[in-house]
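The residues making up each chain are set out below.
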Amino acid sequence: LEQGLLNRDITRHGRGRPSHQYRLSTKGAQTAGDNFFDLAATLWKEIRSITDPEIRRGLLGRVASSLGERYAGEIVGNTLQPRMESLGRVLAEKNIPCSVEGESARPVLSVHACPYPDLAETDRAVCAMEKQLFSGLVQADLRLTCCRLDGACGCTFETR
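Calculation criteria
Residues numbered from 1 in each chain as written. Predicted model: local features only at pLDDT ≥ 70, side-chain atom pairs only at ≥ 80, totals over all residues. Heavy atoms only, no water. Helix = DSSP H or I, 4+ residues; strand = E, 2+ residues; numbered from the N terminus. Rg over C-alpha atoms; globule rule 2.2 N^0.38 Å. Buried < 20%, exposed > 50% of the residue type's maximum accessible area, 1.4 Å probe, protein only. Contact = heavy atoms within 4.5 Å. Areas by Shrake-Rupley, 256 points an atom, 1.4 Å probe, with all protein chains shown as cover. Lys, Arg positive; Asp, Glu negative; His and termini not counted. Charge placed at Lys NZ, Arg CZ, Asp CG, Glu CD. Pairing = 2+ DSSP bridges. Salt bridge = Lys/Arg side-chain N within 4 Å of Asp/Glu carboxyl O. Core = buried A, V, L, I, M, F, W, Y, C linked by side-chain atoms within 4.5 Å. Disulfide = S-S within 2.5 Å.

Some thoughts on the overall build of the protein chain
Then comes step 1: When helices and strands are tallied, the protein chain shows six helices and six strands.
Then comes step 2: Going from the N terminus to the C terminus, the protein chain shows its helices and strands as β-β-α-α-α-α-β-β-α-α-β-β.
Then comes step 3: Since a compact globule built from 160 residues should have a radius of gyration of about 15 Å, the 21 Å found for the protein chain marks it as more spread out than a globular shape.
Then comes step 4: Expressed as lengths along the three principal axes of its C-alpha atoms, the size of the protein chain is roughly 75 × 40 × 25 Å.
Then comes step 5: Taken across its 160 residues, the protein chain has 30% of its residues classed as buried.
Then comes step 6: A separation of at least 24 residues holds for 38% of the contacts in the protein chain among residues at least 6 apart in sequence.
Then comes step 7: Of the roughly 10500 Å² that the protein chain leaves accessible, carbon and sulfur atoms contribute 50%.
Then comes step 8: Taken as two groups, the 21 positive and 20 negative side-chain charges of the protein chain have centres that lie 8 Å from each other.

Below, the structure is given as structure tokens:
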């Protein structure tokens, strides 16, 4: 109850002790299930099955935009450096280790663990979607300069 994960309903039936019924709160329901991978893998498989590259690219762009809308309010700053640092904090809150280094005019975002490792192993389009998402959030054209799938320790995003 203290963490806000449960709601308790108390019912009184005359004299004696009341009965208590417990149910997940909205916050509890959001943290109870964690089987998103099956859904994500299935959806990604269906995206990969789209044969028209223009339609597929458009769909991936819409996915990146939708994800970007979800996090846009957490990205602050008038210049690239604070925006990259905000993105780093958003990723860290999602348990994705990362760092922002380099000079303020050309900061570098290093993502030390892939947010979508199983999906990325099957389709590098995940990397392109992530690059598009990050570029939109920091409002700069980023490029993926190092990729975990190429044997690097993580993925590095730099401005063009």
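Digging into unusual backbone geometry
Note on backbone geometry: most residues besides glycine have negative phi, and most peptide bonds are trans.
Then comes step 1: Non-glycine residue Asn95 carries a positive phi angle of around 60°.
Then comes step 2: Note on placement: Asn95 falls in the loop between helix 4 (80-93) and strand 3 (98-101).

Side note on the pairing of strand 3
Then comes step 1: Two strands pair when backbone bridges link them, and strand 3 and strand 4 (residues 108-111) are joined in this way by four bridges, in the antiparallel orientation. Note on strand 4: the bridge partner recorded for Val100 is Leu109.
Then comes step 2: In textbook terms, the turn of a hairpin is the stretch between consecutive antiparallel strands, and for strand 3 and strand 4 this stretch comprises six residues, one of which, Gly102, has a positive phi near 95°.

Let's talk about the side chain of Ser110
Then comes step 1: Relative to the assigned elements, Ser110 resides in strand 4.
Then comes step 2: Given a relative accessible area of 13%, Ser110 falls into the buried group.
Then comes step 3: In this structure Ser110 touches Pro97, Cys98, Ser99, Cys155 and Thr156, once residues within four positions along its chain are discounted.

Quick look at the pattern of salt bridges
Then comes step 1: Counting across every chain of the model gives eight salt bridges.
Then comes step 2: Between Arg48 and Asp123 there is a salt bridge whose closest N-O contact spans 3.9 Å. Of the two residues, Arg48 sits in helix 2 (residues 36-48) while Asp123 sits in the loop between helix 5 (117-122) and helix 6 (125-138), which places them 75 residues apart along the sequence.
Then comes step 3: The exposure class of Arg48 is partly exposed, given its relative accessible area of 38%.
Then comes step 4: Take Asp123: its relative accessible area is 12%, and that puts it in the buried class.

Considerations on the nonpolar core
Then comes step 1: Membership of the largest hydrophobic core comes to 30 residues, with the highest contact counts inside it found for Trp44, Leu87, Leu109 and Phe134.
Then comes step 2: Elements with a contribution of two residues or more to this core: helix 2, helix 3 (53-71), helix 4, strand 4, helix 5, helix 6 and strand 6 (155-159).
Then comes step 3: Broken down by element, this core gets its largest block of residues, eight residues, from helix 6.
Then comes step 4: Not counting the four nearest positions on each side in its chain, Leu109 is found in contact with Met84, Leu87, Leu91, Cys98, Ser99, Val100, Phe134, Cys155, Thr156 and Phe157.

Remarks on the state of the cysteines
Then comes step 1: Considering all chains together, one arrives at zero disulfides under this definition.
Then comes step 2: The thiol sulfur of Cys98 is not disulfide-bonded, and the nearest other cysteine sulfur, from Cys155, lies at 12 Å.
Then comes step 3: Looking at the unpaired Cys153, the closest cysteine sulfur is the one in Cys146, lying at 9.4 Å.

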